[in-house]
Amino acid sequence: MLSHTDIWAALDRLARKRSMSPSGLAKEAGLDATTFNKSKRVTSAGKPRWPSTESIAKVLRQVDMSFEDFACMAADRGARGPAIPVIGLAQAGGEGFFDDAGFPIGGSWEDVRVPGLQDENVYALQIAGDSMDPVLRAGDKVLVAPNAECRRGDRVVVKTHQGEVMAKELRKRTGTTIELISLNPEYEDRTLHMHEVQWIGRIIWVSQ
């Protein structure tokens, strides 16, 4: 039986195959851009919510896919887990690797697989330099989840509109600013205005 996670993951996978975010997929199908947002995937009580059959039908019509094929995509998750793109820290600061919401796009990268991983939009970022020592060292890979909610105390990756990419700890987030604690005490903490931030993603796993 397909679960809520399977259906939402299939929509995320479909968006990624078309090199766009779930919001972009919704807009392409003539839906509100927020239709597939994370906030729409749970109720106000925190229970899983199904996407509407109408929204799925509009997407499938737009991409010319049958419901049977979509169901197969949702069911065939594979024991090895989805392919995860590995992106270098220097690449992450350039153009063409992420959309404005922090979802990886394109395909000119190495792929790895993580068994049991459920989020199709997770990607691996390979650390370079010493700005994150001793917590994260050059060569370490971190899994970043752009869909995940970021809370105080989470390790996060932030990209600014100027192309700067940094991994830090989230101290505080308001409607106008974010405060970040440097992992390496030799580097200063940062406070950024939200208009400076292109996207922020939560680090969910570190491979050392």
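Only a predicted model underlies this, so the values are computations on that prediction, with no experimental measurement involved. (Residues numbered from 1 in each chain as written. Predicted model: local features only at pLDDT ≥ 70, side-chain atom pairs only at ≥ 80, totals over all residues. Heavy atoms only, no water.)

L11, L14, L25, L31, F36, V59 and F70 are the most contacted members of the largest nonpolar core, which has 19 residues in total. Mapped by element, the contributors of at least two residues to this core are α1 (4-17), α2 (22-28), α3 (53-63) and α4 (67-75). For L14, the residues in contact, after removing those within four places along its chain, are L25, V59, L60, V63, M65 and M73. I87, L136, V144 and L183 belong to the second-largest nonpolar core, a separate cluster that totals 15 residues. (Core = buried A, V, L, I, M, F, W, Y, C linked by side-chain atoms within 4.5 Å. Buried < 20%, exposed > 50% of the residue type's maximum accessible area, 1.4 Å probe, protein only. Helix = DSSP H or I, 4+ residues; strand = E, 2+ residues; numbered from the N terminus. Contact = heavy atoms within 4.5 Å.)

What follows is about the packing of aromatic side chains. Inspection of the entire model under this criterion finds three aromatic pairs. A centroid spacing of 6.4 Å and a plane angle of 40° characterise the contact between F67 and F70, whose relative ring orientation is tilted. Taken together, the residues span about one helical turn, with F67 and F70 both in helix α4 at a distance of three residues. Overall, the relative accessible area of 1% leaves F70 in the buried class. Aromatic pair Y123 and W199: ring centres 6.4 Å apart, planes at 85°, arrangement edge-to-face. In this pair, Y123 sits in strand β3 (residues 123-126) while W199 sits in strand β9 (residues 197-207), placing the two residues 76 residues apart along the sequence. (Phe/Tyr/Trp six-rings, centres within 6.5 Å; stacked < 30°, edge-to-face > 60°.)

Another aspect to go through is the pairing of strand β7 (residues 177-181). Bridge count between strand β6 (residues 165-173) and β7: four bridges; the pairing is antiparallel. Within the sheet, the bridge partner assigned to K172 lies in β7 and is E179. Following β6, the chain reverses through three residues before pairing antiparallel with β7. Bridge count between β7 and strand β8 (residues 190-193): four bridges; the pairing is antiparallel. The partner of L180 across the bridge, within β8, is R190. (Pairing = 2+ DSSP bridges.)

So far we have only geometry, and geometry alone does not tell us how the molecule works.
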